[in-house]
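# Secondary and tertiary structure notes
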Amino acid sequence: MTRRRTDEVGVLAEIFSSFQGEGPLVGNRQVFVRTAGCNLSCSYCDSPKFRCEVEFCEVLSPQASAPLQRADNPVTTSWAMEEILGLWARGTHSVSITGGEPLCQPDFALSLATGCAAEGLPVYFETNGYSASRFRRLIPWIDFAAVDIKLQSHRSCPPDRWSRLFENEISCIDGATRSGVATIAKTVILDATTSEEIEQLCDRLEGLDATLVLQPVSGDKRPGPEKLIQLHQAASEHRGDVVIIPQAHKMMGVL
Ligand code: SF4
């Protein structure tokens, strides 16, 4: 499918070159495009400053102590693409479109994905999966999908909205895997996470060709070794491809 780059406007927080710090593609160099604004409020959120709209988009590189560039929001897709191409270096794996939550700006997210596709740059799309209908429009343009599944105990939304959120996330994973997108189903695990929650998740993922990543939260609420074994075992009763991968970018000291 071909689609010309369309010039939408949207709110970005950052564009930078770094290494993927989560999931099975950990260690791959990427250009990250971080949208600002998120509709959820996860208890463990490590990027609260990106949950709201921001005044500027900063272009950063791992070596730079100060931003290489700063642009007033909203920015255009054309501007973002110029910055992405400027940061793309030999050995870069893909462009990570992340947030905040990119699906909160669906037309802009689509234009970024199609812009990357038009330049031949593989797209890694990271989402909380709250809208399967918005996500579906992006599927033809993405190569990798990382869908962050929110467990009830994450308190990402009011309790009466959680089932709908969860079903949308599963539907995103279903749509991506059926379209041949390499799909990562990630969930953050806390010390309070229960085996029952993981089993419920595995039930709904049954038959879907996604790698399940259990990501221990960083910081004080980090689960201990016994909890890791317990949750991995609970998941492995249901599926073979379960891995525990912590956030590596924090260990590497990169963005
Ligand atoms: S979805 Fe991501 S950015 Fe939004 S509140 Fe949760 S952890 Fe934070």
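Everything below is about the structure shown above.
Described in the following lines is the structure provided in the data block. (Residues numbered from 1 in each chain as written. Predicted model: local features only at pLDDT ≥ 70, side-chain atom pairs only at ≥ 80, totals over all residues. Heavy atoms only, no water.)

### Description of the overall build of the chain
- If you tally the helices and strands in the chain, you get seven helices and twelve strands.
- Taken over the C-alpha atoms alone, the chain extends approximately 45 × 40 × 35 Å along its principal axes.
- When each of the 255 residues of the chain is scored for burial, the buried share is 52%.
- Pairs at least 24 residues apart make up 72% of the contacts formed inside the chain by residues separated by at least 6 positions.
- For the chain, the computed accessible surface area is about 11600 Å², with 48% contributed by carbon and sulfur atoms.
- On the chain, the mean spot of the 24 positive side-chain charges and the mean spot of the 32 negative ones are 3 Å from each other. (Helix = DSSP H or I, 4+ residues; strand = E, 2+ residues; numbered from the N terminus. Buried < 20%, exposed > 50% of the residue type's maximum accessible area, 1.4 Å probe, protein only. Contact = heavy atoms within 4.5 Å. Areas by Shrake-Rupley, 256 points an atom, 1.4 Å probe, with all protein chains shown as cover. Lys, Arg positive; Asp, Glu negative; His and termini not counted. Charge placed at Lys NZ, Arg CZ, Asp CG, Glu CD.)

### Some points on the pairing of strand β4 (residues 56-60)
- Here strand β2 (residues 12-19) runs beside β4; their pairing, made up of three bridges, is parallel. In the sheet register, glutamate 14 faces β4, and the bridge partner there is glutamate 58.
- Pairing of β4 with strand β5 (residues 69-72) involves four bridges; the strand directions are antiparallel. Each bridged residue has a counterpart across the sheet, and for cysteine 57 the counterpart in β5 is alanine 71. (Pairing = 2+ DSSP bridges.)

### Looking at the layout of surface pockets
- The volume enclosed by the largest pocket comes to roughly 980 Å³.
- In this structure, the largest pocket is lined by 45 residues; those nearest its centre are Arg34, Asp46, Ser47, Thr98 and Gly99.
- Of all the secondary structure elements, the ones that give two or more residues to the lining of the largest pocket are β2, β3 (29-35), β4, β7 (94-98), β8 (123-127), β10 (182-189), β11 (211-216) and α7 (248-252).
- Residue composition of the lining of the largest pocket, by class: 17 nonpolar, 14 polar and 14 charged.
- Looking at the second largest pocket, its volume works out to about 250 Å³.
- Taken together, Asn39, Leu40, Tyr130, Cys157, Pro158, Asp160, Arg161, Arg164, Leu165 and Asn168 make up the full set of residues lining the second largest pocket.
- The class makeup of the residues in the lining of the second largest pocket is five nonpolar, two polar and three charged. (1 Å grid on protein atoms, 1.4 Å probe; cavity = no way out; pocket = protein on both sides within 12 Å on 5 of 7 lines; lining within 4 Å. Points joined across faces, edges and corners; volume = space filled by probe spheres on them. Nonpolar A, V, L, I, M, F, W, Y, C, P; charged D, E, K, R; others polar.)

### Re the packing of helix α5 (residues 195-205) against helix α6 (residues 225-236)
- It is the contact of α5 with α6, at a shortest axis distance of 9 Å, that shows an interaxial angle of 30 degrees. Classified by the angle between their axes, α5 and α6 sit roughly parallel to one another. Crossing hand, α5 versus α6: right-handed. Along its contact with α5, which presents Ser195, Ile198, Glu199 and Cys202, the element α6 presents Gln230, Leu231, Ala234 and Ala235.
- Tallied by class, the residues present in the contact of α5 with α6 amount to five nonpolar, two polar and one charged. (Axes fitted to C-alpha atoms, helices over the stretch in contact; angles between N-to-C directions. Parallel < 35°, antiparallel > 145°, perpendicular 65-115°, else oblique. Left-handed = near helix turned anticlockwise from the far one by under 90°.)

### Focus on the sheet that holds β2
- On the basis of which strands lie adjacent, the open sheet formed by ten strands has the order β5-β4-β2-β3-β7-β8-β9-β10-β11-β12 and mixed pairing. The sheet is open, and its two edges are formed by β5 and β12 (242-244), each paired on a single side. Recorded for the sheet is a direction-independent mean angle of 20 degrees between the axes of neighbouring strands.
- Helix α2 (residues 106-118) rests against β2, β3, β7 and β8 of the sheet, and its axis sits at about 180 degrees to β7.
- Against the sheet, helix α4 (residues 162-178) touches β9 (144-148) and β10, its axis set at about 165 degrees to β9.

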